[in-house]
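Examination of the molecular architecture
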Amino acid sequence: MRIFVSGPSGVGKSTIIAEILKRNPDFVLSVSYTTRTARPREVHGKDYFFVSAREFEDMMKKNEFLEWARVHDNLYGTSLSWVESQEKLGRHILLDIDVQGVKQAQGKRVSGTYIFILPPSIDELVKRLAKRGTEDERSFRLRLNNAKDELKAWTMYDYLVVNDDIARAIDDVQSIIDAQRCSRFEMIGRIPWLQEIE
Ligand code: ADP
Ligand code: 5GP
């Protein structure tokens, strides 16, 4: 299954996703390509594939992306072959992509579960982004300016999770995954005899 997670910068997506990956060893995070520079502690091939604009554009021309978007002045994209190779290994995929990427994926009818993470308030979002301390002044302002537009995209999603208390938000995302595990589409492959009843 493919679980798409979006939300404004600083809302807590990475924090939630890290815990979900710990709890669900059959899930992997889709490692996106980006032209953004790596933050301290970010690892090439684990957090992102950090590439030049030229390399990224080359991949765009070759149609290698399931979706891509310009977000906060940088390019980000999901490699279709990377996702498919993980699925062939039997893994489920978590995708942390922005609202434009979700719009593209839904336009191409990419099936999946679409989750939007909301902050308890815009003030709290500002505090979290400041507390993380990873952005320079320009990037900080850009991310906050974009946040309001991104929040207006909530109607595109199947589920809304408010990240007020982090433990609660993680449990909510886990509940959504657990429900998807029982969906007809996921279950049918595991119950072959059900399709053979005459
Ligand atoms: P994103 O990946 O959405 O940009 P992060 O996961 O990096 O956001 O979280 C931004 C900051 O907010 C981090 O410092 C994180 O520890 C903090 N944070 C995440 N969830 C909560 C929460 N529920 N309450 C308080 N702080 C939080
Ligand atoms: P950050 O720079 O904070 O890691 O991510 C910035 C934004 O880019 C986040 O909203 C994140 O969801 C989005 N993002 C990360 N990877 C991708 C991707 O492959 N495609 C798209 N469309 N957005 C992405």
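In this report, the structure presented in the accompanying data block is examined. (Residues numbered from 1 in each chain as written. Chains lettered and ligands numbered in written order. Predicted model: local features only at pLDDT ≥ 70, side-chain atom pairs only at ≥ 80, totals over all residues. Heavy atoms only, no water.)

**So, the site of ligand 1**
Our working rule: If a single non-hydrogen atom of a residue is within 4 Å of a molecule or strand, that residue counts as near it. Any pair of nitrogen or oxygen atoms within 3.5 Å is treated as a polar contact; in protein, a donor-acceptor pairing is required on top of that, and neighbouring residues in sequence qualify only through side-chain atoms on both sides. Note on areas: Shrake-Rupley with a 1.4 Å probe; residue coverage comes only from the protein chains shown. Note on conventions: DSSP H or I runs of at least 4 residues are helices, E runs of at least 2 residues are strands, and numbering of each starts at the N terminus.
For ligand 1, the set of nearby residues contains 14 residues, the closest of which are G10, K13, S14, T15 and R132. R128 is positioned such that a nitrogen or oxygen atom in its side chain is 3.3 Å from a nitrogen atom of ligand 1. Within the backbone of D164, a nitrogen or oxygen atom sits 2.8 Å from a nitrogen atom of ligand 1. Contact with the protein chains covers 82% of the free accessible surface of ligand 1, which is 570 Å². Among the secondary structure elements, those contributing two or more residues to the shell around ligand 1 are α1 (13-23) and α5 (122-132).

**Quick look at the side chain of T35**
Definition in use: For this analysis, residues touch if any pair of their heavy atoms sits within 4.5 Å.
Position of T35 among the secondary structure elements: in the loop between β3 (32-34) and β4 (48-50). Polar side-chain contacts of T35 include one of 2.9 Å to the backbone nitrogen of L75. Those residues in contact with T35 that sit more than four places away from it in its chain are V51, S52, A53, F56, N74 and L75.

**Here's the deal with the nonpolar core**
Rule in force here: What is meant by a nonpolar core is a set of buried Ala, Val, Leu, Ile, Met, Phe, Trp, Tyr and Cys residues, joined one to another through side-chain atoms within 4.5 Å. Relative accessibility under 20% of the residue-type maximum defines a buried residue, over 50% an exposed one, and the middle range a partly exposed one, all with a 1.4 Å probe and only protein chains included.
Formed by 27 residues in total, the largest nonpolar core has its most connected members in F4, Y33, Y114 and Y157. Looking at this core, the elements that each hand over two or more residues are α2 (53-61), β5 (65-71), α3 (80-88), β7 (92-96), α4 (99-107) and β8 (113-118).

**Some remarks on the sheet that holds β7**
The cut-off we apply is this: At least two DSSP bridges between two strands are required for those strands to pair. Here an axis means a line fitted to C-alpha atoms, over the contact stretch when the element is a helix, while the angle between two N-to-C directions is reported on a 0 to 180 degree scale.
Across the sheet, 5 strands lie side by side as β2-β7-β1-β8-β9; this open sheet has parallel pairing. Edge positions in the open sheet fall to β2 (27-29) and β9 (159-162), since each of these has one partner strand only. If you compare each strand with its neighbour and ignore which way they point, the axes differ by 25 degrees on average. This element, α4, spans β1 (2-6) and β8 of the sheet and lies at about 160 degrees to β8. Contacting β1, β2, β7, β8 and β9, helix α7 (residues 166-181) runs over the sheet at an angle of about 155 degrees to β9.

**Re the sheet that holds strand β6 (residues 74-79)**
Here we have 4 strands laid out as an open sheet, ordered β4-β3-β6-β5, and mixed in their pairing. Because the sheet does not close on itself, it has two edges, and the strands there are β4 and β5. For this sheet the average axis-to-axis angle between neighbouring strands, irrespective of direction, equals 25 degrees. Summarising the sheet, β3 and β4 pair through 3 bridges and their orientation is parallel. For S32, the partnering residue across the bridge sits in β4 and is Y48. Of the strands in this sheet, β3, β5 and β6 are in contact with α2, which crosses β5 at around 135 degrees.

**Regarding a nonpolar patch on the surface**
Quick reminder of the rule: Residues form patches when they are more than 30% accessible in relative terms and have no salt bridge. Like charges link within 9 Å. Nonpolar side chains (Val, Leu, Ile, Met, Phe, Trp, Tyr) link within 5 Å. Definition used for salt bridges: Asp or Glu carboxyl oxygen within 4 Å of a side-chain nitrogen of Lys or Arg.
Among the surface-exposed residues, W193, L194 and I197 lie close enough to one another that they form a single nonpolar patch of about 350 Å² accessible area. Tracing the backbone shows I197 in the segment after α9 (192-196). Judged by relative accessible area, which is 55%, I197 ranks as exposed.

**Describing the packing of α5 against helix α6 (residues 137-151)**
The relative placement of two packed helices is expressed as an angle between their axes plus a distance between the axes. The test is simple: Put simply, a crossing is left-handed when the front helix is turned counterclockwise from the back one by less than a right angle, and right-handed when it is turned clockwise.
Orientation of α5 relative to α6, taken along the N-to-C sense of each, is 145 degrees, at an axis distance of 11 Å. For α5 against α6, the interelement crossing comes out right-handed. Residue-level contacts link I122, L125, V126, L129, A130 and R132 of α5 to F140, R143, L144, A147, K148 and L151 of α6.

Note that every value here comes from positions in space, so none of it alone points to a role or purpose.
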